[in-house]
Amino acid sequence: MELTSGVIHAQPQTEISIGGDLVSTYVWRGVYQSGFSLQPEIGLSVGGFTVGVWGSTDLDNFKEVDLSVGYSVRGFSVGVTDYWWGGQRLGDGRFAPYFKYGDTHYFEGTLAYEFGEKFPLGISWSTMFAGNLDKVDGERKFSTYIELGYDFRIKGVDLTCAVGVAPWDAPAW
């Protein structure tokens with residue numbers, strides 16, 4: 001299910017989008033997150049700038065809220081996402097409160113390039129750079145995810161074939 005609304009003013013173009021999905025299983029970058037989930041989203045775009053809020057909640061205790069900002073120009077894009085997984089338990093067994101940034105948020109920077117309609121290949125590099133970055137062997141690890149995706153259409157249905165890799169051992173992957 002998705003609902004999108006657009007409003008156009010004088011230059012630059014402004015667009016507001018509202019949508020949502022119902023998914024039987026929530027898998028993020030190949031990692032199981034939760035079962036059946038409701039995932040609402042809202043976004044605002046002005047020119048090449050975007051801001052958005054995306055969420056996910058299941059029937060148990062898993063909660064996620066992601067805030068994002070970004071900028072795109074001529075196929076290149078850069079963005080920052082604040083991931084909050086509220087279904088996490090703290091060391092004392094309590095669920096993580098939203099405003100406990102050091103324990104419950106992950107901040108990720110992303111660089112991406114889309115080649116265009118004639119060759120619809122995209123590549124992205126995303127690295128966690130702040131927040132709850134666990135240490136492995138006493139060293140801080142910056143979890144990284146690299147993805148190649150190719151967009152295509154079959155019988156009016158938009159699809160993406162993608163392959164992703166986490167190039168080194170890090171806690172978020």
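For the structure itself, look to the data block above.
Read on for an overview of the structure. (Residues numbered from 1 in each chain as written. Predicted model: local features only at pLDDT ≥ 70, side-chain atom pairs only at ≥ 80, totals over all residues. Heavy atoms only, no water.)

Topic: the overall build of the protein chain
And then number 1: Regarding its fold elements, the protein chain presents 1 helix and 13 strands.
And then number 2: In the protein chain, the order of α-helices and β-strands from amino to carboxyl end is β-β-β-β-β-β-β-α-β-β-β-β-β-β.
And then number 3: The buried share of the protein chain, reckoned over its 173 residues, is 27%.
And then number 4: Partitioning the contacts of the protein chain with sequence separation of at least 6, the portion at a separation of at least 24 is 32%.
And then number 5: On the protein chain, roughly 11,100 Å² of surface is accessible, and the fraction owed to carbon and sulfur atoms is 61%. (Helix = DSSP H or I, 4+ residues; strand = E, 2+ residues; numbered from the N terminus. Buried < 20%, exposed > 50% of the residue type's maximum accessible area, 1.4 Å probe, protein only. Contact = heavy atoms within 4.5 Å. Areas by Shrake-Rupley, 256 points an atom, 1.4 Å probe, with all protein chains shown as cover.)

Re the environment of serine 34
And then number 1: With respect to the helices and strands, serine 34 occurs in strand E3 (residues 31–34).
And then number 2: Each C-alpha atom, one on serine 34 and one on leucine 59, is 9.2 Å from the other, the two residues being 25 residues apart in sequence.
And then number 3: Serine 34 has contacts with Thr25, Tyr26, Asp58 and Phe62, leaving out every residue within four places of it along the chain.

Here's the deal with the packing of aromatic side chains
And then number 1: By the definition in use, this model includes 7 aromatic pairs.
And then number 2: Between tyrosine 113 and phenylalanine 115, the aromatic rings sit 4.8 Å apart at their centres with planes inclined by 90 degrees, giving edge-to-face as the arrangement.
And then number 3: Here a set of aromatic residues connected by ring pairs shows up, and it is made of Phe76, Tyr113, Phe115, Phe119 and Tyr150. (Phe/Tyr/Trp six-rings, centres within 6.5 Å; stacked < 30°, edge-to-face > 60°.)

So, a nonpolar patch on the surface
And then number 1: A contiguous nonpolar patch, built from Ile16, Ile18, Ile42, Leu44, Val46, Val51, Val53, Leu67, Val69, Val80, Phe129 and Phe142 and spanning about 880 Å² of accessible area, is present on the exposed surface.
And then number 2: Counting only elements with at least two residues in the nonpolar patch, the list comes to strand E1 (14–23), strand E4 (37–46), strand E5 (49–58) and strand E6 (63–73).
And then number 3: Of the residues forming the nonpolar patch, the biggest block, 3 residues, is contributed by E4.
And then number 4: Assignment of secondary structure puts valine 51 in strand E5.
And then number 5: When its relative accessible area of 41% is taken as the criterion, valine 51 is described as partly exposed. (Patch = residues over 30% accessible without salt bridge, like charges linked within 9 Å, V, L, I, M, F, W, Y side chains within 5 Å. Salt bridge = Lys/Arg side-chain N within 4 Å of Asp/Glu carboxyl O.)

Some words on the environment of leucine 44
And then number 1: For leucine 44, the position within the fold is in strand E4.
And then number 2: When its relative accessible area of 35% is taken as the criterion, leucine 44 is described as partly exposed.
And then number 3: Once residues within four sequence positions are removed from consideration, leucine 44 is found in contact with Thr14, Glu15, Ile16, Phe49, Thr50 and Val51.

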